[in-house]
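Descriptive analysis of the structure
Chain by chain, the residues run as shown.
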Amino acid sequence: MIFAIFAGLAGGLIIGFAFNITYPTEYSFYITMALLAGMDSIVGAARAHLQEKYNGVIFISGFICNAILAALLTFVGDKLGIPLYYAAIFVFGGRLFNNMAVIRRIIVENYLSKKNKM
C-alpha cells in the first residue's frame, strides 16, 4: 500500500510539472471541494485498511459520491447566492480530523503493543 501511495504521488507530481494545466478561477471552489472530498475518502480508506475493514467497492463509491455531493452543494450554493460549500468544508474537514485521530491511535497502540512484547 505504501508503494501505491508513493507511486501515485510521484506520478501526480510528474504530470503536474510536465503539463501546464490551468483552469478558470470560477471553478476554484469546485476543485477545492473535490480535493477535500477526495482527501476525506482516502483518509477513510487508510483508516479502514488499518482496522482491516477495507473494501474497494465502498472506497470507490464513497470517493465518487463524496465528490459529487461536494460539487452539488457548491453549485447549488453558487446559484442561490448562499455559501453552502461551508457545509462540505465542515463535514469533510471534521471527518478528516476524526479519521486521522483514529489512525494515530491505531498506530500508537500497535507500536506500544510491539514494544511491550520485546
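The structure displayed is predicted, hence computed values, not measured ones. (Residues numbered from 1 in each chain as written. Predicted model: local features only at pLDDT ≥ 70, side-chain atom pairs only at ≥ 80, totals over all residues. Heavy atoms only, no water.)

This part covers the overall build of the protein. Regarding its fold elements, the protein presents four helices and zero strands. Taken from the N to the C terminus, the helices and strands of the protein come in the order α-α-α-α. Over its C-alpha trace the protein gives a radius of gyration of 17 Å, far above what one expects of a compact globule, namely 13 Å for 118 residues. Projected onto its principal axes, the C-alpha coordinates of the protein cover approximately 60 × 35 × 25 Å. (Helix = DSSP H or I, 4+ residues; strand = E, 2+ residues; numbered from the N terminus. Rg over C-alpha atoms; globule rule 2.2 N^0.38 Å.)

Here we take up the packing of aromatic side chains. Evaluated as defined, the whole model comprises five aromatic pairs. Here Phe 59 and Phe 63 contribute two aromatic rings whose centre-to-centre distance is 5.9 Å and whose plane-to-plane angle is 50 degrees, an arrangement assigned as tilted. Taken together, the positions of Phe 59 and Phe 63, both in helix H3 (residues 56-80) and four residues apart, correspond to about one turn of that helix. Summarising the aromatic geometry, the rings of Tyr 85 and Tyr 86 are spaced 4.7 Å apart at their centres and angled 50 degrees between planes, so their arrangement reads as tilted. (Phe/Tyr/Trp six-rings, centres within 6.5 Å; stacked < 30°, edge-to-face > 60°.)

Running from N to C, H3 and helix H4 (residues 85-117) point in directions that differ by 150 degrees, and their axes come no closer than 7 Å. Relative to H4, the element H3 lies roughly antiparallel. Residues Asn 66, Ala 70, Leu 73 and Thr 74 of H3 lie in contact with H4, whose contacting residues are Tyr 85, Ala 87, Ala 88, Phe 92 and Arg 95. Class assignment for the residues of the contact of H3 with H4 results in six nonpolar, two polar and one charged. (Axes fitted to C-alpha atoms, helices over the stretch in contact; angles between N-to-C directions. Parallel < 35°, antiparallel > 145°, perpendicular 65-115°, else oblique. Contact = heavy atoms within 4.5 Å. Nonpolar A, V, L, I, M, F, W, Y, C, P; charged D, E, K, R; others polar.)

Right, let's get into the nonpolar core. By size, the foremost hydrophobic cluster in this structure holds 11 residues: Met 33, Leu 36, Ala 37, Val 43, Ala 46, Ala 70, Tyr 85, Ala 88, Phe 92, Leu 96 and Ile 103. Not counting residues within four places of it along the chain, the set of residues in contact with Met 33 comprises Ala 70, Thr 74, Tyr 85, Ala 88 and Ile 89. (Core = buried A, V, L, I, M, F, W, Y, C linked by side-chain atoms within 4.5 Å. Buried < 20%, exposed > 50% of the residue type's maximum accessible area, 1.4 Å probe, protein only.)

Before going further, it helps to examine unusual backbone geometry. In the Ramachandran plot, Glu 52 falls in the positive-phi region, its phi being about 60 degrees despite a non-glycine side chain. For Glu 52, a relative accessible area of 74% translates into the label exposed.

So, about the packing of helix H2 (residues 28-50) against H3. Contact geometry for H2 and H3: axes closest at 8 Å, N-to-C directions at 155 degrees. In terms of orientation, H2 and H3 fall into the roughly antiparallel class. Along this stretch, H2 crosses H3, giving a crossing that reads as right-handed. Here Phe 29, Tyr 30, Met 33, Ala 37, Gly 38, Asp 40, Ser 41, Ile 42 and Ala 45 of H2 come into contact with H3, specifically with Phe 59, Gly 62, Phe 63, Asn 66, Ala 67, Ala 70, Ala 71, Thr 74, Phe 75 and Asp 78. Across the contact of H2 with H3, the residue classes break down as 12 nonpolar, five polar and two charged. (Left-handed = near helix turned anticlockwise from the far one by under 90°.)

Attention now goes to H4. Over its 33 residues, H4 runs 48 Å from end to end, which matches the ideal 48 Å to within 8%, given 1.5 Å per residue. Residues of H4 that are buried make contact with H2 and H3. (Expected span 1.5 Å × (residues − 1).)

This part covers a nonpolar patch on the surface. On the surface, a nonpolar cluster with roughly 460 Å² of combined accessible area is contributed by Ile 42, Ile 60, Phe 63, Ile 64 and Ile 68. Considering each element in turn, the nonpolar patch owes the most residues, four residues, to H3. (Patch = residues over 30% accessible without salt bridge, like charges linked within 9 Å, V, L, I, M, F, W, Y side chains within 5 Å. Areas by Shrake-Rupley, 256 points an atom, 1.4 Å probe, with all protein chains shown as cover. Salt bridge = Lys/Arg side-chain N within 4 Å of Asp/Glu carboxyl O.)

The next thing to look at is the environment of Leu 36. Among the structural elements, Leu 36 can be located in helix H2. Residue classification places Leu 36 among the buried residues on the basis of a relative accessible area of 15%. Leu 36 sits 56 residues away from Phe 92 along the chain, and the two C-alpha atoms are 6.7 Å apart.

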